[in-house]
Amino acid sequence: MSIIEFKNVTFRYESDEEGMVLAPAVKDFSLSINEGEFMAILGHNGSGKSTLAKLANGLLLPESGTILVDGMDTKNEDDDIKIKQTVGVVFQNPDNQIVATIVEEDVAFGPENLGIEPSEIRRRVDESLKIVGMYKYKNHEPHKLSGGQKQRVAIAGIIAMEPRCIILDEPTAMLDPEGRRDVMKAIKRLNRELGITVVFITHYMEEACEADRIVVMDDSRLLLDGTPKEVFADTDKIRSIGLDVPQTCLLAKMLKNDGINLKNDLLSIDELVQNIDDLLKGQ
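An account of the accompanying structure is given in this report. (Residues numbered from 1 in each chain as written. Predicted model: local features only at pLDDT ≥ 70, side-chain atom pairs only at ≥ 80, totals over all residues. Heavy atoms only, no water.)

With that settled, consider the overall build of the protein chain. Looking only at helices and strands, the protein chain has eleven helices and ten strands in total. For the protein chain, the residues scored as buried account for 48% of the 283 residues in total. Here the contacts in the protein chain between residues at least 6 apart in sequence split such that 62% fall between residues at least 24 apart. Element-wise, carbon and sulfur atoms account for 47% of the exposed surface of the protein chain, whose accessible area totals about 14100 Å². Put simply, the protein chain has 33 plus and 49 minus side-chain charges, and the middle of one group is 4 Å from the middle of the other. (Helix = DSSP H or I, 4+ residues; strand = E, 2+ residues; numbered from the N terminus. Buried < 20%, exposed > 50% of the residue type's maximum accessible area, 1.4 Å probe, protein only. Contact = heavy atoms within 4.5 Å. Areas by Shrake-Rupley, 256 points an atom, 1.4 Å probe, with all protein chains shown as cover. Lys, Arg positive; Asp, Glu negative; His and termini not counted. Charge placed at Lys NZ, Arg CZ, Asp CG, Glu CD.)

Dropping the structure here:
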């Protein structure tokens, strides 16, 4: 069942210069996001990824076409609050989303604005911080946390609103490797253990490989849609639009070009090593 559906959606930003018409940021875009899946969205800068995130929960409204969130049209003002409760968005810079001086107060901000009972807010705050591994920091000041910790607090703030879908717009882009690992661990737990639909916009190919499904955007349109193995099997197409591919895919392609009969859908080093081992054993 689809939780978000884009139907022939086009959106363009307004120009600062009078009379100038900008090219669409998203053009004739159609996509169904299924409830419970972990989807990664890839694309170079300007391909429309971040615009898609804002369209998905009504922060932006389409110029044409329709966006349905659990059957609700984002253009319907009466459903705006329900739509934003259904789909939460986490952006790249956690400093732009943290509004309080204490971690637990920041996480409580969203539920408070929804008019949730204080006892229920307390439960949600504690549970959300535990989910992202930040409960022991609940009385800390956010500005003293590391980048990865701040991002996990931002994610906890969205979880506390109990959305059915979370869209994360390059949440690891400003983090060091340890911070990226911590955030990815929290994101996967949301999806695998809690059943929350996750839409993960990233430019790290290895992170995208952990998704169930990858969508690739190019020039404001949908270019590829499939499993990680299906999408990264076409390394030439991926690289032709200025994107990298996982290092394992590149190595496998180089070995295939040298005449080694490897599989086309190798994503991890373990898979590559196993395939080579099988070839050496004659399997």
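Structure's up, so let's keep going.
Here we come to the packing of aromatic side chains. By the definition in use, this model includes three aromatic pairs. Ring geometry for phenylalanine 6 versus phenylalanine 29: centroids 5.6 Å apart, planes at 90 degrees, classification edge-to-face. Placement of the pair is phenylalanine 6 in strand β1 (residues 2-11) and phenylalanine 29 in strand β2 (residues 26-34), with a sequence separation of 23 residues. Judged by its relative accessible area of 0%, phenylalanine 29 falls in the buried class. Residues phenylalanine 38 and phenylalanine 200 carry aromatic rings whose centres are separated by 6.2 Å and whose planes lie at 80 degrees to one another, so their mutual orientation is edge-to-face. (Phe/Tyr/Trp six-rings, centres within 6.5 Å; stacked < 30°, edge-to-face > 60°.)

One can describe the packing of helix α5 (residues 147-159) onto helix α6 (residues 177-192) by two numbers: an axis separation of 8 Å at closest approach and a directional angle of 20 degrees. Looking at the two axes, α5 sits roughly parallel to α6. You can see that α5 and α6 cross each other, and the crossing is right-handed. On α6, the residues touching Gly148, Gln151, Arg152, Ile155 and Ile159 of α5 are Gly179, Asp182, Val183, Ile187 and Leu190. Across the contact of α5 with α6, the residue classes tally to five nonpolar, three polar and two charged. (Axes fitted to C-alpha atoms, helices over the stretch in contact; angles between N-to-C directions. Parallel < 35°, antiparallel > 145°, perpendicular 65-115°, else oblique. Left-handed = near helix turned anticlockwise from the far one by under 90°. Nonpolar A, V, L, I, M, F, W, Y, C, P; charged D, E, K, R; others polar.)

A separate point is the nonpolar core. Of all hydrophobic cores here, the largest spans 49 residues; its most connected members are Ile155, Ile187, Val216 and Phe232. If one sorts the elements of this core by residue count, α5 sits on top with six residues. Setting aside chain neighbours within four positions, we find isoleucine 155 in contact with Val90, Val132, Leu168, Val183, Ile187 and Leu190. Formed by 29 residues, the second largest nonpolar core is a distinct cluster that contains Leu31, Ile67, Ile83 and Val87. (Core = buried A, V, L, I, M, F, W, Y, C linked by side-chain atoms within 4.5 Å.)

A separate point is the pattern of salt bridges. For the structure shown, the criterion picks out 19 salt bridges. Across the pair glutamate 120 and arginine 123 runs a salt bridge, and its minimum N-O distance is 2.6 Å. Here glutamate 120 and its partner arginine 123 are both found in helix α4 (residues 118-131), three residues apart, which amounts to about one turn of the helix. Residue arginine 123 is classed as partly exposed on the basis of its relative accessible area of 35%. The partner of arginine 152 in a salt bridge is aspartate 182, with the nearest N and O atoms 3.5 Å apart. Of the two residues, arginine 152 sits in helix α5 while aspartate 182 sits in helix α6, which places them 30 residues apart along the sequence. (Salt bridge = Lys/Arg side-chain N within 4 Å of Asp/Glu carboxyl O.)

Before going further, it helps to spend a moment on the sheet that holds strand β8 (residues 197-201). The strand order across the open sheet built from six strands is β6-β7-β8-β3-β9-β10, with neighbouring strands paired in mixed fashion. With partners counted over all chains shown, the strands left at the sheet margins are β6 (87-90) and β10 (221-226), one partner each. For this sheet the average axis-to-axis angle between neighbouring strands, irrespective of direction, equals 20 degrees. Note that strand β7 (residues 165-169) and β8 share five bridges and pair parallel. Each bridged residue has a counterpart across the sheet, and for leucine 168 the counterpart in β8 is phenylalanine 200. (Pairing = 2+ DSSP bridges.)

In space, the four strands of this open sheet follow the order β2-β1-β4-β5, with antiparallel pairing throughout. Strands at the two margins of the open sheet, each flanked by one partner only, are β2 and β5 (72-73). Examined bridge by bridge, strand β4 (residues 64-69) and β5 share two bridges and lie antiparallel to one another. If you follow valine 69 over to β5, its bridge partner there is methionine 72. Set on the sheet, helix α1 (residues 49-56) makes contact with β1, β2 and β4; between it and β1 the angle comes to about 120 degrees.

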